[in-house]
Amino acid sequence: MHSSASDGIDAPGELVALLKRTGITDFALTDHDTLMGLPAAREAANVYGLRMIDGVELSCGIQVEVHILGYGMKRPELMQSTLARLQRQRHERVDRMLERLDQAGIHLEVGDLPIASGGAPGRVHMARALVDHGYASSVNQAFQRYLVPGKPGYVERQKLTPEQGIQLIRESGGIAVLAHPGIIQADPALLPERIDVLMKMGLGGIEVHHPRHTPTQIQRFTHLAKQRGLIITGGSDSHGLPGGLMPGEGTTNWHEMHHDYNQFLSKIGFN
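Calculation criteria
Residues numbered from 1 in each chain as written. Predicted model: local features only at pLDDT ≥ 70, side-chain atom pairs only at ≥ 80, totals over all residues. Heavy atoms only, no water. Buried < 20%, exposed > 50% of the residue type's maximum accessible area, 1.4 Å probe, protein only. Helix = DSSP H or I, 4+ residues; strand = E, 2+ residues; numbered from the N terminus. Pairing = 2+ DSSP bridges. Expected span 1.5 Å × (residues − 1). Arc of directions from axis to C-beta. Contact = heavy atoms within 4.5 Å.

Enquirer: What is the right way to look at the pairing of strand β2 (residues 51-61) in this model?
Expert: A large share of β2 lies buried, amounting to nine of its eleven residues. Note: strand β1 (residues 26-29) against β2, four bridges, orientation parallel. Looking across to β2, one finds that A28 is bridged to I53. Sheet topology note: the β2/strand β3 (residues 65-71) ladder contains seven bridges and is antiparallel. Bridge pairing in β3 links V56 to G70. The turn joining β2 and β3, which pair antiparallel and follow one another in sequence, is formed by three residues.

Enquirer: I keep staring at helix α9 (residues 257-268) and nothing clicks. Help me out?
Expert: In an α-helix there are 3.6 residues to a turn, and that puts residues three or four apart on one side. In a regular helix each residue adds 1.5 Å, so twelve residues correspond to 16 Å; α9 covers 16 Å between its end C-alpha atoms and thus fits that length. The complete set of buried residues in α9 reads D260, F264, L265 and I268. All buried residues of α9 fall inside an arc of 140° around its axis, so they share one side. Turned more than 90 degrees away from the buried face of α9 sit H258 and S266, all of them exposed. For α9, the elements touching its buried residues are β2, β3, β4 (175-178) and β6 (231-234). One or two positions beyond α9, positive phi appears at G269, with a value near 70°.

Written as structure tokens, this is what we have:
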């Protein structure tokens, strides 16, 4: 899940309170390229008696964007300098996006973007500002009109390589998991080969269960994970956006959830 520390709607503590109301007992907060939401989420989890797994979602890639989830980092302080650099780059990117939009007659300022104090800015914040100021009717329309490659507000983001992302997670004492492989913009036939390459870099798991994965994809990813001895993870990938999935949704067909989750807890050494 994602909080306002990156591109989610709810503040970390508010998100945990929502989990309590909906009956969710275990969760991971995986904000994009930041750990800033974890202390507040941890405090709320302790108040409500929920089990929380520290997480992060790193934006990686060279030619194809690949997201790497990190779970259970035992030495998160080792990530901070790299994450601070990624945050600076995110802010610089937002400034360039605003300049390009201004040249196209779309006039916004940084203060118009709904970025939480210290949060990690991204295209979702820009899209929400475009909607709020009448330039689009929905976040999806804002993306398609202004924020995808070839459109006036798009600026390529600097990213870690997958190897750097995996190494950063492992050096911090966590396990690296390939996020939502079903929506990677690459030839799906190459996925087994890509996973084998990532495994040599230290990949430990695959996010098999994701709301945008089809039953066929879930079956295929489950087979790939078991064949290669990788842990199986999943989640709602909830951002709290209007019309989007709420925490806990999108994994109803995860028949071996209990078994997979116990393996996951064992792998990250969660007591």
